[in-house]
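# Reading the structure
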Amino acid sequence: NQTLPFLPRSLEQLPLPRWEGRNPPNVQPGTSWDLKGQLCDLNAELKCCRERTQTLNQENQQLQDQLKEAQQQARVLGAECRTLEGELARVQAQAEQGQQELGNLRARVLELEEQLGTQQGLVQELQKEQVGLQEERRGLAARLEEQERRLQASEVALSGSQAEVASLRQEAATQATLLVAQGERLHGLEMERRRLHNQLQELKGNIRVFCRVRPVLPGEPTPSPGFLLFPSGPGGSSDTPTRLSISRLSISRSDARRGTLSGTPAPTTRHDFSFDRVFPPGSGQDQVFEEIAMLVQSGLDGYPVCIFAYGQTGSGKTFTMEGGPGGDPQVEGLIPRALRHLFSVAQELGGQGWTYSFVASYVEIYNETVRDLLATGTRKGQGSECEIRRAGPGSEELTVTNARYVPVSCEKEVEALLQLARQNRAVARTSQNERSSRSHSVFQLQISGEHAGRGLQCAAPLSLVDLAGSERLDPGLALGPGERERLRETQAINSSLSTLGLVIMALSNKESHVPYRNSKLTYLLQNSLGGSAKMLMFVNISPLEENVSESLNSLRFASKVNQCVI
């Protein structure tokens, strides 16, 4: 009949298990969420302990009821025993039965005593567990107090962080306002740069002429001293060379007869020319491009740019435009250098909100027939199907039908297009009597720019033209079948070059009618010649004395162009 120790009905004060330094997953220690999460876990574990204690209380109550019942039964058995003993005295015949029932009752008592001992052991275990839970509760209470202190400290730190965040937001808003102001100022400066850049190019001349003399190649005769001279300017050798002189022997009959009779050398005639820039034979490709880099950049600003290479066959036009073979960066031509420069500047302008796209085409004009140099597969050799047309009704943009227009964005793509064009021209040269030197090749890059944030757009073509050889046909040449074809080629070339000169003259004189349609070349380049377009002509000449007549013809044509002002 031992009584159970006091068991509280509410276990809110019981100690709960420790986390032993562990934190719930995905929660940073020391944060408010860490403390709240641990508090929730402790409440859940406290609830479990309450349920367990309630179960144990119920089991204890059942055992106590069983114990009372056993005691009641023991009292009943005692009464029965006494009754049996009385009956034994009165009835001897029932003695054995009473003894047997008494033995059964004793066995039952022993069994009940064993059950009672078991229940007492269970009660002792529950008492020990209760002591442990009380210890754990005290530990959890202490830990809860610590977490509350840390929570208060975190709340203080959070308040400070919120104040700091508010300050940073205010500072960010100030910086954003300043950034917008700087963007406006930067945009204004960029627009002013474009205006001044265009004004500078116009002051230099919307039509400029550069002269380039190629070096003497291995196996060619060395020119006599004084044949080619590059006189210095007023500032001496430090001035940029702009003048060229060619000395030529007089070949009149009177001069020849006078030289023969007197034994003196025939007199020479000196021809002086002046251009915007003259490149002696030692000038490299990088020096040449440095002079036109700013002109090329005008294409990104929305101004059409057209650069010609003019001169006789073998004077270095193709080398100037495309560069030398072998992929040597030192001998890269104007086309790969210009596109590399455009890609680089476009990337820089991307930081100001501008986005640019580039679409390239490459055609040649042979005997007034347009042929696509970027054609592949079965489209090769179908130049007769290419025609120059307006892009649409009322549109000023010109396009070449059946020609490929290839978007480009890097140097490798441009190099692949140039390689394909060289292969197509090489095939044509084999089958069409050096057609590459007897045709105009026109590389065009359509530049489109957009500033989405300000709703600004600009578009302009960059045209790089390798003109056909400008040499004259020998008037004394017998007209065989091959010579007739050569005559037809030369007539077509001279006609297109004459038309080019007439177009430039008409633009310079501001005539009401400009004969663009007199030639496929000028018609294709119509949008790159007039208006606000920038034109530059390279006149390429040979340093050999045997080519002096063609060199003088080229220089005279270039001088006429150089005198034009738009």
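Conventions used here
- Residues numbered from 1 in each chain as written.
- Predicted model: local features only at pLDDT ≥ 70, side-chain atom pairs only at ≥ 80, totals over all residues.
- Heavy atoms only, no water.
- Core = buried A, V, L, I, M, F, W, Y, C linked by side-chain atoms within 4.5 Å.
- Buried < 20%, exposed > 50% of the residue type's maximum accessible area, 1.4 Å probe, protein only.
- Helix = DSSP H or I, 4+ residues; strand = E, 2+ residues; numbered from the N terminus.
- Contact = heavy atoms within 4.5 Å.
- Salt bridge = Lys/Arg side-chain N within 4 Å of Asp/Glu carboxyl O.
- UniProt positions renumbered as here; feature names shortened; annotations may be inferred.
- Expected span 1.5 Å × (residues − 1).
- Bend = angle between axes of the 7 residues up to and from the residue.

### Let's talk about the nonpolar core
Core analysis: the biggest nonpolar cluster contains 51 residues, and Cys211, Phe308, Leu529 and Leu555 have the highest contact counts within it. Element by element, the count of residues in this core is highest for helix 8 (residues 481-508), at seven residues. When near neighbours in sequence (up to four residues on either side) are disregarded, Leu529 contacts Cys306, Phe308, Val503, Leu507, Tyr516, Thr522 and Met535. Core analysis: the second largest hydrophobic core is formed by 44 residues, Phe289, Trp354, Leu373 and Leu445 among them.

### Some words on the pattern of salt bridges
Within the structure shown, the criterion is met by 12 salt bridges. Notably, a salt bridge pairs Glu146 with Arg149, separated by 2.3 Å at the nearest N-O pair. Linking Glu146 with Arg149, this pair stays in helix 2 (residues 95-204), spanning three residues, or about one helical turn. What makes Glu146 partly exposed here is its relative accessible area of 35%. A network of salt bridges, in which partner residues are shared, links Glu322, Glu415 and Arg422.

### Some words on the UniProt feature "binding site: ATP" (unreviewed entry) in the protein chain
Cross-referencing UniProt, the feature "binding site: ATP" (unreviewed entry) maps to Gly311, Gln312, Thr313, Gly314, Ser315, Gly316, Lys317 and Thr318 in the present numbering. Mapped onto the secondary structure, Gln312 falls in the loop between strand 6 (305-311) and helix 5 (317-322). The class for Gln312 is buried, based on a relative accessible area of 7%. Non-local contacts of Gln312, meaning those with residues more than four positions away in its chain, are made with Lys317, Gly469, Ser470, Glu471, Asn540, Ser542, Asn547, Glu550, Ser551 and Ser554.

### Section: helix 4 (residues 285-297)
For helix 4, which comprises 13 residues, the first-to-last C-alpha distance of 18 Å matches the rise-based estimate of 18 Å (1.5 Å per residue) to within 8%. Maximum bend of helix 4: about 40°, positioned at Glu291. Turning to helix 4, its buried residues are Gln285, Val288, Phe289, Ile292, Ala293, Leu295, Val296 and Gln297.

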